[in-house]
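Fold and contact review
Below are the chains, spelled out letter by letter.
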Amino acid sequence: LRMGRPKQLLPIDGQPMVRRVVEAVCGANLAQVVVVTGAYAEEVGRALAGLPVELVANEAWSAGMSASLRRGIGALRPGIHASLIALADQPALTSQVLSALVFRYCATRAPIVAPVCQGRRGNPVLFDRRLFAELMAVEGDQGGRTLLTRYAADVQHVEIDDPAVLFDVDTLQDYEEAQNWSAQR
């Protein structure tokens with residue numbers, strides 16, 4: 001609620017930010033799309049109406065990102081080989097970027113696949129099922145960052161010529177930039 005209302009529900013081009021992100025994820029033709037909701041589960045559910053996703057409520061959302069990560073990983077079907085962890089505050093992500101990560105994973109079966117743009121690692125990040133137990137053990141307000149460090153030598157980096165992988169909305173200025181960015185695309 002940094003900007004007067006939940007940031008994932010802020011409109012960009014007339015639709016909630018979370019819907020833009022989830023539509024990009026759905027466009028990557030993944031086997032299963034799980035959306036973990038927190039404090040605003042009902043509103044997010046309405047924003048995603050009609051999309052082919054599974055909504056999973058995280059009642060422990062105040063415990064930080066790790067609680068959402070555990071809920072999402074725990075909701076994956078047994079046949080899922082990897083999880084692409086996308087953030088609801090990256091409204092400029094495209095299906096093409098997500099597909100590039102999945103393609104590299106399919107080609108290498110690396111434990112972690114991460115985008116790199118302008119020499120910087122971005123998001124989302126893909127984790128192989130071999131790391132699910134370790135992801136489930138993460139605590140606090142962090143996602144898979146510790147695994148990226150632990151398995152640094154095994155991470156497959158995908159060079160992405162799109163700064164969307166580096167951009168998320170954390171401030172009002174970021175939100176204004178996201179709106180301008182969207183208008184330019």
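Residues numbered from 1 in each chain as written. Predicted model: local features only at pLDDT ≥ 70, side-chain atom pairs only at ≥ 80, totals over all residues. Heavy atoms only, no water.

Tallying secondary structure elements over the protein gives seven helices and nine strands in all. Computed over its C-alpha atoms, the radius of gyration of the protein comes to 16 Å, within 12% of the 16 Å expected for a compact globule of 185 residues. Counting over 185 residues, the protein shows a buried share of 46%. Within the protein, contacts between residues separated by at least 24 positions form 64% of all contacts whose residues are at least 6 apart in sequence. Just so you have it, the protein exposes about 9400 Å², and 50% of that area is on carbon and sulfur atoms. Counting 18 positive and 20 negative side-chain charges, the protein places the averaged centre of each group 5 Å from the other. (Helix = DSSP H or I, 4+ residues; strand = E, 2+ residues; numbered from the N terminus. Rg over C-alpha atoms; globule rule 2.2 N^0.38 Å. Buried < 20%, exposed > 50% of the residue type's maximum accessible area, 1.4 Å probe, protein only. Contact = heavy atoms within 4.5 Å. Areas by Shrake-Rupley, 256 points an atom, 1.4 Å probe, with all protein chains shown as cover. Lys, Arg positive; Asp, Glu negative; His and termini not counted. Charge placed at Lys NZ, Arg CZ, Asp CG, Glu CD.)

Evaluated as defined, the whole model comprises zero disulfides. Unpaired in terms of disulfides, C26 finds its nearest cysteine sulfur in C106, a separation of 18 Å. (Disulfide = S-S within 2.5 Å.)

On a regular strand, one side chain projects to one face of the sheet and the next to the other, so that they alternate. Judged from the four bridges that link them, strand β3 (residues 34-37) and strand β4 (residues 54-57) form a sheet pairing that is parallel. Looking across to β4, one finds that V35 is bridged to L55. Chirality of the crossover, the property in question, places the unit of β3, helix α2 (residues 41-47) and β4 among those that are right-handed. (Pairing = 2+ DSSP bridges. Right-handed = clockwise from strand over helix to strand, strands pointing away.)

As a further point, take the nonpolar core. The biggest cluster of nonpolar side chains holds 29 residues, and the ones touching the most others in it are V18, V22, L48, V53, L98, V113 and V165. Of all elements in the fold, only α1 (17-26), α2, α4 (95-108) and β6 (112-117) reach the threshold of two or more residues within this core. Residue contributions to this core peak at six residues, all from α1. Setting aside residues up to four positions removed in sequence, L48 forms contacts with V18, R19, V22, V35 and L55. (Core = buried A, V, L, I, M, F, W, Y, C linked by side-chain atoms within 4.5 Å.)

In this section: helix α3 (residues 65-74). Within the sequence span of α3, burial applies to S66, A67, L69, G72 and I73. The elements touched by buried residues of α3 are β3, β5 (82-85) and α5 (132-136).

Turning our attention to the pattern of salt bridges. One pass over the full model with this rule turns up eight salt bridges. With a closest N to O distance of 3.7 Å, D13 and R20 form a salt bridge. For D13, a relative accessible area of 55% corresponds to the exposed category. Here R46 ties to E42 by a salt bridge, and the two come within 3.1 Å at their closest N and O atoms. Here E42 and R46 lie together in helix α2, a separation of four residues that amounts to about one turn. A single network of salt bridges, built from pairs that share partners, joins K7, D89 and D170. (Salt bridge = Lys/Arg side-chain N within 4 Å of Asp/Glu carboxyl O.)

Here we come to the side chain of S83. By secondary structure assignment, the location of S83 is in strand β5. Residues in contact with S83, not counting those within four places in the same chain, are I73, L76, V125, L126, F127 and F132.

We now examine α4. Helix length check: α4, at 14 residues, gives a terminal C-alpha distance of 20 Å against a target of 20 Å (1.5 Å per residue), a fit within 8%. Of all the residues in α4, the buried ones are S95, V97, L98, L101 and Y105. At the C-terminal side of α4, R109 shows a positive phi close to 55 degrees. (Expected span 1.5 Å × (residues − 1).)

Moving on to the environment of M136. Considering the arrangement of structural elements, one finds M136 in helix α5. In the structure, M136 is positioned 110 residues away from C26 in sequence and 24 Å away in space, judged by C-alpha atoms. Other than its neighbours up to four places away in sequence, M136 contacts R70, I73 and G74.

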